[in-house]
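Examination of the molecular architecture
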Amino acid sequence: MGRKSIETFVGLFVLLGLLGLVFLALKAANLGSFSSGDSYPLTARFDNIGGLKVRAPVKSAGVTVGRVAAITLDSKRYQGLVRLEIHRDVQFPTDSSARILTSGLLGDQYLGIEPGAEEKSFQPGDEIKQTQSAVVLESLISQFLFSKAADAGATAAPAAPAPAASGGKR
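About the thresholds
Residues numbered from 1 in each chain as written. Predicted model: local features only at pLDDT ≥ 70, side-chain atom pairs only at ≥ 80, totals over all residues. Heavy atoms only, no water. Helix = DSSP H or I, 4+ residues; strand = E, 2+ residues; numbered from the N terminus. Buried < 20%, exposed > 50% of the residue type's maximum accessible area, 1.4 Å probe, protein only. Contact = heavy atoms within 4.5 Å. Salt bridge = Lys/Arg side-chain N within 4 Å of Asp/Glu carboxyl O. Pairing = 2+ DSSP bridges. 1 Å grid on protein atoms, 1.4 Å probe; cavity = no way out; pocket = protein on both sides within 12 Å on 5 of 7 lines; lining within 4 Å. Points joined across faces, edges and corners; volume = space filled by probe spheres on them. Nonpolar A, V, L, I, M, F, W, Y, C, P; charged D, E, K, R; others polar. Core = buried A, V, L, I, M, F, W, Y, C linked by side-chain atoms within 4.5 Å. Polar contact = N/O pair within 3.5 Å; in protein donor to acceptor, adjacent residues only side chain to side chain. Patch = residues over 30% accessible without salt bridge, like charges linked within 9 Å, V, L, I, M, F, W, Y side chains within 5 Å. Areas by Shrake-Rupley, 256 points an atom, 1.4 Å probe, with all protein chains shown as cover.

**Some points on the overall build of the protein chain**
Scanning the protein chain from N- to C-terminus turns up 2 helices and 8 strands. Each helix (α) and strand (β) of the protein chain, taken in turn from the N terminus, gives the series α-β-β-β-β-β-β-β-β-α. Every one of the 170 residues in the protein chain was classed for burial, and the buried ones make up 21%. For the protein chain, the share of sequence-separated contacts (at least 6 apart) that also reach a separation of at least 24 residues comes to 61%.

**Side note on the pattern of salt bridges**
On inspection of all chains with the given rule, the structure shows 5 salt bridges. Among the ionic pairs, Glu85 bridges to Arg83, the shortest N-O distance being 2.7 Å. One network of salt bridges, with partners in common, ties together Arg45, Asp74 and Glu127.

**Digging into the sheet that holds strand β8 (residues 130–132)**
Spatially, 8 strands are ordered β7-β1-β4-β3-β2-β6-β5-β8 in an open sheet, and the strand pairing comes out mixed. For this open sheet the edge positions go to β7 (127–128) and β8, each flanked by a neighbour on one side alone. Pairing of strand β2 (residues 57–60) with strand β3 (residues 63–74), which is carried by 4 bridges, proceeds in the antiparallel orientation. In the sheet register, Val58 faces β3, and the bridge partner there is Gly66.

**Focus on the layout of surface pockets**
Estimates place the volume of the largest pocket at around 520 Å³. Considering the residues around the largest pocket, the lining is formed by 26 residues, among which Thr102, Ser103, Gly107, Asp108 and Gln109 are closest to the centre. At the level of secondary structure, the elements contributing two or more residues to the lining of the largest pocket comprise α1 (3–28), β2, β5 (97–102), β6 (109–114) and α2 (137–155). Residues belonging to the lining of the largest pocket are distributed by class as follows: 13 nonpolar, 7 polar and 6 charged.

**Details of the pairing of β3**
Across a regular strand the side chains alternate sides, sitting on one face of the sheet and then on the other. Counting the residues in the hairpin turn of β2 and β3 gives 2 residues, including Ala61, whose phi is positive at 55 degrees. Note: β3 against strand β4 (residues 79–87), 8 bridges, orientation antiparallel. For Asp74, the partnering residue across the bridge sits in β4 and is Gln79. Where β3 folds back on β4, the antiparallel hairpin that results is connected by 4 residues, among which Tyr78 adopts a positive phi of roughly 55 degrees.

**Considerations on the nonpolar core**
Counting residues in hydrophobic clusters, the biggest one holds 21 residues, and the most contacted among them are Leu84 and Leu111. Looking at this core, the elements that each hand over two or more residues are β1 (39–46), β3, β4, β5 and β6. With near-sequence residues (within four places) excluded, Leu111 lies in contact with Phe46, Leu52, Pro57, Val58, Lys59, Val82, Leu84, Ala98 and Arg99.

**A look at the side chain of Ser96**
Looking at the element boundaries, Ser96 is found in the loop between β4 and β5. Assessed through its relative accessible area of 1%, Ser96 is described here as buried. Here the side chain of Ser96 touches Pro93 through a polar contact of 2.7 Å, landing on its backbone oxygen. A polar atom in the side chain of Ser96 sits 3.2 Å from the backbone nitrogen of Gly116.

**So, a nonpolar patch on the surface**
A contiguous nonpolar surface patch, about 840 Å² in accessible area, is contributed by Leu105, Leu106, Val135, Leu137, Leu140, Ile141, Phe144 and Leu145. With respect to the secondary-structure elements, Leu105 resides in the loop between β5 and β6.

**Remarks on the pairing of β2**
In terms of strand pairing, β2 meets β6 through 2 bridges, oriented parallel. From the neighbouring strand, Val58 faces β6, where its bridge partner is Leu111.

Below is the structure:
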């Protein structure tokens, strides 16, 4: 092999390595889906969206069925308004519910859709009425601590006086 062919192979190898790094960076940033597949929009309102981000996956039964397209604040209701893009081939009943869930203990948040039993399906632009906001870890910890403090305060009632010793002999 000549020097030119070795340099060409090394150049191709470096180029493939760079393409692999770009692919991994896009996957890590949740931008790895290059398909603009056919989808339809749905909206959902939440009191607290926690750490949900745009482009977060929308899952049902653990399978990704769409993405979060936008997150805004409804200035009239003061709720988080989440716009979803759902794959066209997935149709959810109108009584389905949406919850903001976390992957693992401290993982990324995603939106989970629990299908209902209604025969009629959502149409593009419909709103998911049944929603459950994100569980904020700090709130859970503070509730736990306050309930433990309240329990400790309630059980620390003054002890009953000891019975008086009898002074007589038996």
